[in-house]
Amino acid sequence: QVQLVESGGGLVQPGGSLRLSCAASGFTFSNYAMKWYRQAPGKERELVAAITSVDSRTNYADSVKGRFTISRDNAKNTVYLQMNSLKPEDTAVYYCSAQRFVAYWGQGAQVTVSS
């Protein structure tokens with residue numbers, strides 16, 4: 001069955017870095033665009049970063065441009081989100097999603113940025 005499993009979340013101080021990973025199985029990973037979303041308490045889920053399937057073009061929310069980098073390794077069926085210069089407002093549950101004609105979702109990984 002389809003699985004997306006996020007890992008790499010945790011507690012980090014402001015200015016620190018984390019790298020999230022999302023391991024995929026149960027579908028042809030290379031055919032799907034991959035996206036990272038986040039949802040902070042009391043807020044709607046928002047798109048953070050996306051990477052296309054064919055040519056790995058990326059795009060980012062304005063709030064994370066220059067700080068976050070999305071990448072994918074089709075040989076490992078894994079998408080990554082490198083997060084640098086983290087701010088308290090980056091605190092949220094981060095979800096990866098595989099999208100083509102349908103959308104698959106992971107269970108989420110908590111990222112907390114606090115001193």
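Residues numbered from 1 in each chain as written. Predicted model: local features only at pLDDT ≥ 70, side-chain atom pairs only at ≥ 80, totals over all residues. Heavy atoms only, no water.

J.: Can you explain the overall build of the protein? Please cite residues and give values.
T.: Assigned secondary structure in the protein consists of zero helices and eleven strands. Along the chain direction, N to C, the helices and strands of the protein fall in the order β-β-β-β-β-β-β-β-β-β-β. Radius of gyration (C-alpha) of the protein: 13 Å, near the 13 Å computed for a compact globule of 115 residues. Along the three orthogonal principal directions, the C-alpha set of the protein runs to about 40 × 25 × 25 Å. Burial analysis of the protein (115 residues in total) assigns 42% to the buried set. Looking at the protein as shown, the accessible area adds up to about 6000 Å², and 46% of this sits on carbon and sulfur atoms. Looking at the protein, you have 12 positive and 8 negative side-chain charges, and the mean spots of the two groups are 4 Å apart. (Helix = DSSP H or I, 4+ residues; strand = E, 2+ residues; numbered from the N terminus. Rg over C-alpha atoms; globule rule 2.2 N^0.38 Å. Buried < 20%, exposed > 50% of the residue type's maximum accessible area, 1.4 Å probe, protein only. Areas by Shrake-Rupley, 256 points an atom, 1.4 Å probe, with all protein chains shown as cover. Lys, Arg positive; Asp, Glu negative; His and termini not counted. Charge placed at Lys NZ, Arg CZ, Asp CG, Glu CD.)

J.: Can you explain unusual backbone geometry? Please cite residues and give values.
T.: Look at Ser56: it is not a glycine, yet its phi comes out positive at around 55°. Mapped onto the elements, Ser56 comes out in the loop between strand 5 (46-51) and strand 6 (58-60). For Asn77, which is not glycine, the phi torsion reads 55° and is therefore positive. The topology assignment puts Asn77 in the loop between strand 7 (68-73) and strand 8 (78-83). Asn77 sits in the partly exposed class, given a relative accessible area of 26%.

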